[in-house]
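Working through the structure, step by step
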Amino acid sequence: MEKTVNQKAWFLVLPVLLLVAFSAVIPLMTVVNYSVQDTFGNNQFFWAGLEWFEEMLASERMWDALGRQLLFSLIILAIEVPLGIFVALNMPKSGFWSSLCLVLMSLPLLIPWNVVGTIWQIFGRVDIGLLGYTLDALGINYNYTQDTLAAWITIVVMDVWHWTSLVALLAFAGLKSIPDAYYQAAKIDQASRWKVFRYIELPKMAGVLMIAVLLRFMDSFMIYTEPFVVTGGGPGNATTMLSIDLVKMALGQFDLGPAAAFSLMYFLVILLVSWVFYTVMTTLEKRET
Amino acid sequence: MDWMAWTWPTAIFFMVIATLLITFTVLAIKFPETPRTGILRIETTRGDRLFITLLGSAFINLAWLGLVGVQQPLALVVCLIYAAAVFRWV
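Not measured: the values here are computed from a predicted model.

**Quick look at the interface of chain A and chain B**
At the junction of the two partners, chain A supplies 32 residues and chain B supplies 31 residues. Approximately 2,700 Å² of surface area, both sides summed, lies buried where chain A meets chain B, with 76% of it carried by carbon and sulfur atoms. Taken together, chain A and chain B are joined by one salt bridge. For Lys286 of chain A, the salt bridge is made with Glu43 of chain B, and the minimal N-O distance between the two is 3.2 Å. One can count four residue pairs in polar contact (both at pLDDT 80 or more) joining chain A with chain B. Contributing elements (two or more residues each) for the side of chain A that touches chain B: α1 (14–35), β2 (45–47), α2 (51–57) and α12 (256–288) of chain A. For the side of chain A that touches chain B, the element with the highest residue contribution is α12 of chain A, accounting for 10 residues.

This is the structure:
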């Protein structure tokens, strides 16, 4: 007979469900209600059906924001994951220096998002910022408030500065869990440094790296504060990510209906990606055991 | 509840979802789930397949809306076929 799974333990999470109901489920239901209606304030709503969804699906503005968002997430993943692994591989494995590295690495993670934004906003300014002033003095034309490329480089570098340590710390934890015997065996076989990395370290880190990729993808896909503080979505719409656009639509223009439809689609994409990552992660784990 | 701006269609929508969730919970208690590996090559239980069905249906509806137009009853037919396929083969 095949083994069945006992799911009764899930009843133990009922209290959490109650909390989540108030913090997420009820607001989400409200968003669904808003998405099929139109309002001019005063809590008066008019039925609009699926009009907003249709409008949003045909709106260039949303697709552009989605494109920028995906590009941003892909760029920072392509930089942060390899860089994080590289840093973790080169960190001292134990002793005082290891602890010092860990503390220093976790510092950027402790800084609130808007402070990170403010730091880089000032850092990059041509008149008073160290980075902007230096680049300007070297004759490099750098102005993140006017130049699209400069704005993108600034927010990408800012994100790399802020979050690479998370990937590095996770990768480091993965590396620490590899027993010495593996390295000894590799040494006996005279495996090259690359082969040790490819066949021992990388497979052993796969689990935590998946978590790192998931966390970084989700977080960057929902990024709001940092680009909002640094560029405000500009120049033009160049750094208007999905959430910045959403806030502009919902609070700036008070278009609650379209914004609700927009956020539901945004939510569905995030739900899909989280599910894919989660499934891949659990499947990998099962194959290992 | 005024602030939640309820409408009948959305209320029915949530009632359907809630009914599905409750039905599957009761089913899971009465007939414990057996995980199996289907064409996606991932292990799924009945609840997983419901989740895949609901999430996929949302995307089918959106795609229908964007590509065909507002003819959701037809999209729902596609969703039902999709649901049957998911429960049979995934």
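**Focus on the packing of α12 of chain A against helix α2 (residues 46–67) of chain B**
Between α12 of chain A and α2 of chain B, the shortest axis-to-axis distance is 11 Å and the interhelical angle comes to 140°. Judged by the inter-axis angle, α12 of chain A sits oblique to α2 of chain B. Regarding α12 of chain A and α2 of chain B, the two cross each other, and that crossing is left-handed. Only Phe51, Ile52, Leu55, Ala58, Phe59 and Leu62 of chain B of α2 of chain B make contact with α12 of chain A, whose side of the interface consists of Met265, Leu268, Val269, Leu271, Leu272 and Trp275 of chain A. Split into classes, the residues belonging to the contact of α12 of chain A with α2 of chain B amount to 12 nonpolar, no polar and no charged.

Each value, and the rule that gives it
- Residues numbered from 1 in each chain as written.
- Chains lettered and ligands numbered in written order.
- Predicted model: local features only at pLDDT ≥ 70, side-chain atom pairs only at ≥ 80, totals over all residues.
- Heavy atoms only, no water.
- Contact = heavy atoms within 4.5 Å.
- Buried area = accessible area lost by both parts, 1.4 Å probe.
- Salt bridge = Lys/Arg side-chain N within 4 Å of Asp/Glu carboxyl O.
- Polar contact = N/O pair within 3.5 Å; in protein donor to acceptor, adjacent residues only side chain to side chain.
- Helix = DSSP H or I, 4+ residues; strand = E, 2+ residues; numbered from the N terminus.
- Axes fitted to C-alpha atoms, helices over the stretch in contact; angles between N-to-C directions.
- Parallel < 35°, antiparallel > 145°, perpendicular 65-115°, else oblique.
- Left-handed = near helix turned anticlockwise from the far one by under 90°.
- Nonpolar A, V, L, I, M, F, W, Y, C, P; charged D, E, K, R; others polar.

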